[in-house]
Structure formats: structure tokens, C-alpha cells
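Listed below, chain by chain, are the residues.
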Amino acid sequence: MTSFKTLDDLEDGQRVLVRLDLNSPVEDGEVQDNRRFDRHAETVRELAERDFRVVLLAHQGRPGRDTFVSLEQHADILSEHVGRPVQFVPDTFGDDALAAIDDLDGGDVLLLENTRMCDEELPEEDPETKAETEFVETLAPVFDGYVNDAYSAAHRSHASLVGFALALPAHAGRVMETEYEANTAIAEREFDGEVTMVVGGTKATDVIDVMTALEDKVDTFLLGGIAGELFLRADGVPVGRDIEGMDLFDDQWEANEETIRGLIDDYGDQIRLALDLAFEAEGGERAEIEVGDVAEKDRAFLDVGSNTVSEYAATIEESEAVFVKGALGLFEDERFADGTVGVLEAIAGTDCFSVVGGGDTSRAIEMYGMEESDFGHVSIAGGAYIRALTGERLVGVEVLRE
Ligand SMILES: Nc1ncnc2c1ncn2[C@@H]1O[C@H](COP(=O)(O)OP(=O)(O)OP(=O)(O)O)[C@@H](O)[C@H]1O
Ligand SMILES: O=C(O)[C@H](O)COP(=O)(O)O
């Protein structure tokens, strides 16, 4: 990552403002611990051990949503992961925040309040405009440097992500460095051998965008999940029962059908669809059916079948690089985890270069007892991962370039 300054370029003992992405699931008002805390703890711990006065910025949720809560609980969770106290002040850049910053000694860590509670944080504007906000102009002068570790939020042109980078000497944190390198690999690296991409999940537009952008980078797309069913349907298989809250096979079908058919027509040789599918039988157990036997108005399919898993695993074993976007089935239900777990285990069993992305999909790794260390990289990014895969530049990364 030579075009960025990193923590290696910071002089120990300074006062640094560090942007993390601690955006987390919130259930009944309780912030849920997740791998973002563990990853960012590495950056925070390093800075504290090097005697920096460390002030953290992060966001949580979006205004108006249930997940839009204070960062008070985040400070406690982060503290567990860092292994030292993380102070919290319920203020972003007012007098209380400035006084708390002033009180810090070397090695102290302080988390400020949810950046999205500050009016100037959110409207997406260019970095120069964000650098001129009162938020940035008040806080920046009390720091020697700015560290952005929030790769997973770097697609947003918000004050805390782009404004401070112009107002202070800007550095990439350890998470920013590793996420950037792994996630841009497919767009920027050349692989000698086969490049395979496992595509699933429920987000039709993400899938279409990724496949369109990567047609000439990826040798084989292995499809599953709801995304795979969209392709099966476009290929003439009468599947497509929407899951609750979605209408991919109804209202949205028309909007996507032509594009998906176009992808199949143009790149059919690269695209592999499920051979068999799994569903819930009358007794509640998992049952499978060959794709050729699926009848019109059949049931909802919740996973790819076992023949598909074997075939996909064989392709993965012959690949030099494998990228994963989206799950092959409803893996949260053990009965329908075989597809997702099967391909992840196949990846873990080879020494190929691998990146597993998407917040939901990467959760399957810990749910089913796999080791993160068996994968090249497990990304903590969702929207930013998709953008990186499609070769889009992230504004929060661009402003860090020297
Ligand atoms: N056939 C299916 N039926 C129902 N749900 C499915 C099916 N296949 C996959 N899923 C669901 O898809 C979800 C993952 O899809 P999503 O598109 O959100 O992927 P992601 O990239 O991991 O997440 P994110 O973009 O939110 O970080 C999983 O929670 C899984 O339960
Ligand atoms: O959780 C994420 O993907 C990032 O923190 C970005 O959050 P946002 O989509 O609410 O901007």
C-alpha cells in the first residue's frame, strides 16, 4: 500500500484522531459484538501502546432507524477487545468533547459520540466542502494527525471520513491497509491460474453489477442463493418464490430479467448454475430435487443441492483465486447451510488466494466453526466490498493518497 501513509509514518506519542467503523447490529437496543470491534482493536491497541493520545470517531445506524443509537455501549465492547479502558463522552465536537480530549494522557483512548448525531456529518458533499465544516474546523486543530481505519465506510463522503483527511496529515490504519489490499486484488491483480467467484445472497443489483464488471477478470462464476435462482429462472427453470419482504420474482423481475438474460447469452460458458436445489419437506426435514424436475409453482428453495456442492467444490479446488459474495442458501438455518458451508470448506481446504466478503456471508465462518485463518481475507465490509470488486474507487481511500 505504498501510496498511503500508514501508522509506520506517525511519530509516537502524538495526539491522533482515528476514524473506525463500529457500525453494528442492534437488537432491542443492545449493540451486538462483532468482528469489526476485534479488527479495529488491533489499530487502537498499537496506537495506545505507542503512547499516542487516541481519540476515536465512529458512526452507528442512520437517523430515524432503530439502530441509530449512542456509542456508549461501543466503548465498553471495544475496551474488552483492546484490553484497556476506552473512555466515552456523549459529545462530538462541543466543549465536553474538547475538555475530555484535553484531559488525555499518552496511552489513553477516548471514543466521541456517534458522528451521525452531528448535523454536518451526513450530507454527501465533496471532501473540500466537508473540510470546511465547523465539525472539522473545531476538532482538527487539537490533533497532530488523522488515521482512517474505516475501510468499510470509505464509500461515504461524510465529514469524519473525508474532511479530516484534508485538514490534517492523513494515514491509513491497519484495517484500512489490509482491507484495501485484499478487496482490490481482483480488480488490480493478475492471477496466472483460474479465478473463480462464488455469487449468492439476496441482492440482485449487487450481483448483476459485480458480474458485469468482472466478466473479463473471472473465469467461472458459481451461482447460488436467491441470485442463482434469478439466473435459473432467466434460463427457463420455473423457480422463484420470493422470501418475506422481497419481490425479486414479482415487481422487480421485469427490471432485472433482460440484464440477466443478456449475461447468460453473452457469458453463458463462464456462468455455472445449480444442478439441484434443497427445500423444506412436509415433515420439516431437508429434501432435494434436480433442477430439471422442478415444476411450475413449486416451493421456495432454500439452498443448492449436494450435487451442486460437489461440483462447485471441485472447481474451487482447481482455482488459483476464489472470491465470495453472498451465501448459497439460508445458512442461518442448519438444514440449509450445506451449500454455503460446503464451498467455504472447499476454499479453506485449498491454499488458493481467497477473499470472503459481505457481512452476512462471512458470519457463516464463525457460525460453523471454521477458522478465519484458513481464508486469505475475511472482509468486514459490505457496500465498500461490492464497490471494490466492481473497480470503483472509494472516496475515503482516495483522500488518503499522497
Ligand atoms: N435461497 C435462499 N433463501 C433465503 N435466503 C437466502 C437464500 N440464499 C441466500 N439467502 C440469504 O442471503 C443472505 C446473504 O445475502 P446478502 O446478499 O445480504 O449477502 P452479503 O453480501 O453477505 O451481505 P451484506 O451485503 O449485507 O454485507 C444470507 O443471510 C442468507 O440467509
Ligand atoms: O455498515 C456499513 O456497511 C458501513 O458502516 C456503512 O454504513 P451506511 O450504509 O449506513 O453508510
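What you see is a predicted model, and the numbers here were worked out from it, not measured in a lab.

Draft legend 1. Representation of the overall build of the protein chain within the structure. Across its full length, the protein chain holds 16 helices and 17 strands. For the protein chain, the C-alpha radius of gyration of 23 Å lies close to 21 Å, the compact-globule estimate for 402 residues. Summarising its shape, the C-alpha atoms of the protein chain cover approximately 70 × 45 × 40 Å along the three principal directions. Counting contacts in the protein chain only where the partners sit at least 6 residues apart, residues at least 24 apart contribute 74% of the total. Counting every atom, the protein chain has about 17,000 Å² of accessible surface; 41% of that belongs to carbon and sulfur. Mean positive and mean negative side-chain charge positions of the protein chain (32 and 91 charges, respectively) differ by 1 Å.

Draft legend 2. Fine view of the site of ligand 1. Around ligand 1, a shell composed of 21 residues is seen, among which Lys203, Lys325, Glu332, Gly359 and Thr361 lie nearest. Between ligand 1 and aspartate 360 there is a distance of 3.0 Å, counted from an oxygen atom to a side-chain nitrogen or oxygen. Its free accessible area being 650 Å², ligand 1 has 89% of it covered by the protein chains.

Draft legend 3. Quick peek at the pairing of strand E13 (residues 286-290). Only one face of E13 is buried, namely the one carrying Ala287 and Ile289, since none of Arg286, Glu288 and Glu290 on the opposite face is buried. Pairing geometry for strand E12 (residues 276-280) and E13, over five bridges, is antiparallel. Paired with glutamate 280 across the strands is arginine 286, a residue of E13. Hairpin connection of E12 to E13: five residues between the antiparallel strands, including glycine 284 at a positive phi of 95 degrees.

Draft legend 4. Fine view of the side chain of histidine 377. Of note, histidine 377 is situated in strand E17 (residues 377-378). Given the relative accessible area of 11%, histidine 377 is considered buried. At 3.2 Å, the side chain of histidine 377 and the side chain of glutamate 179 are in polar contact. Every residue in contact with histidine 377, bar those within four places of it in the chain, is listed here: Arg39, Thr178, Glu179, Ala182, Asn183, Ser354, Val355 and Val356.

Draft legend 5. Fine view of the UniProt feature "binding site: ATP" (unreviewed entry) in the protein chain. Taken from the UniProt record, the annotation "binding site: ATP" (unreviewed entry) applies to Glu332, Gly358, Gly359, Asp360 and Thr361. With respect to the element layout, glutamate 332 can be found in the loop between strand E15 (321-325) and helix H13 (338-348). Contact partners of glutamate 332, with chain neighbours within four places excluded, come to Arg363, Met367 and Tyr368. On the secondary structure map, threonine 361 appears in helix H14 (residues 359-367). Residues in contact with threonine 361, not counting those within four places in the same chain, are Val324, Gly326, Ala327, Phe331 and Val356.

Draft legend 6. Inspection of the pattern of salt bridges at higher detail. By the definition in use, this model includes 26 salt bridges. Glutamate 121 is the salt-bridge partner of arginine 19, the closest N and O atoms lying 3.6 Å from each other. Here arginine 19, found in strand E1 (residues 15-19), pairs with glutamate 121, found in the loop between strand E6 (109-111) and helix H4 (127-131); they are 102 residues apart in sequence, far enough to count as distant. In this pair, the class of arginine 19 matches that of glutamate 121, namely buried. For arginine 363, the salt bridge goes to glutamate 332, with nearest N and O atoms at 3.5 Å. A residue pair is termed long-range when its members are at least 10 positions apart, and arginine 363 in helix H14 and glutamate 332 in the loop between E15 and H13 qualify at 31 residues. Within the structure, one salt-bridge network assembled from shared partners comprises Asp8, Asp12, Glu46, Arg50, Arg174 and Glu177.

Draft legend 7. Seen up close, helix H1 (residues 35-49). Between its first and last C-alpha, H1 extends 21 Å over 15 residues, near the 21 Å set by a 1.5 Å rise per residue. Along H1, the largest kink reaches about 30 degrees and is centred on alanine 41. Along H1, the residues that are buried comprise Arg35, Arg36, Phe37, Arg39, His40, Ala41, Thr43, Val44, Glu46, Leu47 and Ala48. Phi turns positive one or two residues past the end of H1, at aspartate 51, with a value near 70 degrees.

Draft legend 8. Highlighting the site of ligand 2. Taken together, Asp21, Asn23, Arg36, His59, Arg62, Arg116, Ser152 and Arg156 make up the full set of residues near ligand 2. Side-chain polar atom of histidine 59 to an oxygen atom of ligand 2: 3.0 Å apart, as the coordinates give it. Contact with the protein chains removes 86% of the 310 Å² of surface that ligand 2 exposes when unbound. In terms of residue class, the shell around ligand 2 is made up of no nonpolar, three polar and five charged.

Draft legend 9. Structural detail: the nonpolar core. Counting residues in each nonpolar core, the largest one holds 112 residues, and the members touching the most others are Leu139, Tyr151, Phe164, Met197, Phe221, Phe231 and Phe323. Of the residues that make up this core, three or more belong to each of domain 1 (7-180 + 396-401) and domain 2 (184-370). Once you skip the residues sitting within four places of it in the chain, leucine 139 turns out to touch Leu57, Thr92, Phe93, Leu98, Ile101, Leu112 and Phe164. Formed by 27 residues, the second largest nonpolar core is a distinct cluster that contains Leu22, Phe52, Ile77 and Val147.

Calculation rules
- Residues numbered from 1 in each chain as written.
- Chains lettered and ligands numbered in written order.
- Predicted model: local features only at pLDDT ≥ 70, side-chain atom pairs only at ≥ 80, totals over all residues.
- Heavy atoms only, no water.
- Helix = DSSP H or I, 4+ residues; strand = E, 2+ residues; numbered from the N terminus.
- Rg over C-alpha atoms; globule rule 2.2 N^0.38 Å.
- Contact = heavy atoms within 4.5 Å.
- Areas by Shrake-Rupley, 256 points an atom, 1.4 Å probe, with all protein chains shown as cover.
- Lys, Arg positive; Asp, Glu negative; His and termini not counted.
- Charge placed at Lys NZ, Arg CZ, Asp CG, Glu CD.
- Near = heavy atom within 4 Å.
- Polar contact = N/O pair within 3.5 Å; in protein donor to acceptor, adjacent residues only side chain to side chain.
- Buried < 20%, exposed > 50% of the residue type's maximum accessible area, 1.4 Å probe, protein only.
- Pairing = 2+ DSSP bridges.
- UniProt positions renumbered as here; feature names shortened; annotations may be inferred.
- Salt bridge = Lys/Arg side-chain N within 4 Å of Asp/Glu carboxyl O.
- Expected span 1.5 Å × (residues − 1).
- Bend = angle between axes of the 7 residues up to and from the residue.
- Nonpolar A, V, L, I, M, F, W, Y, C, P; charged D, E, K, R; others polar.
- Core = buried A, V, L, I, M, F, W, Y, C linked by side-chain atoms within 4.5 Å.
- Domains from an automatic or database assignment.

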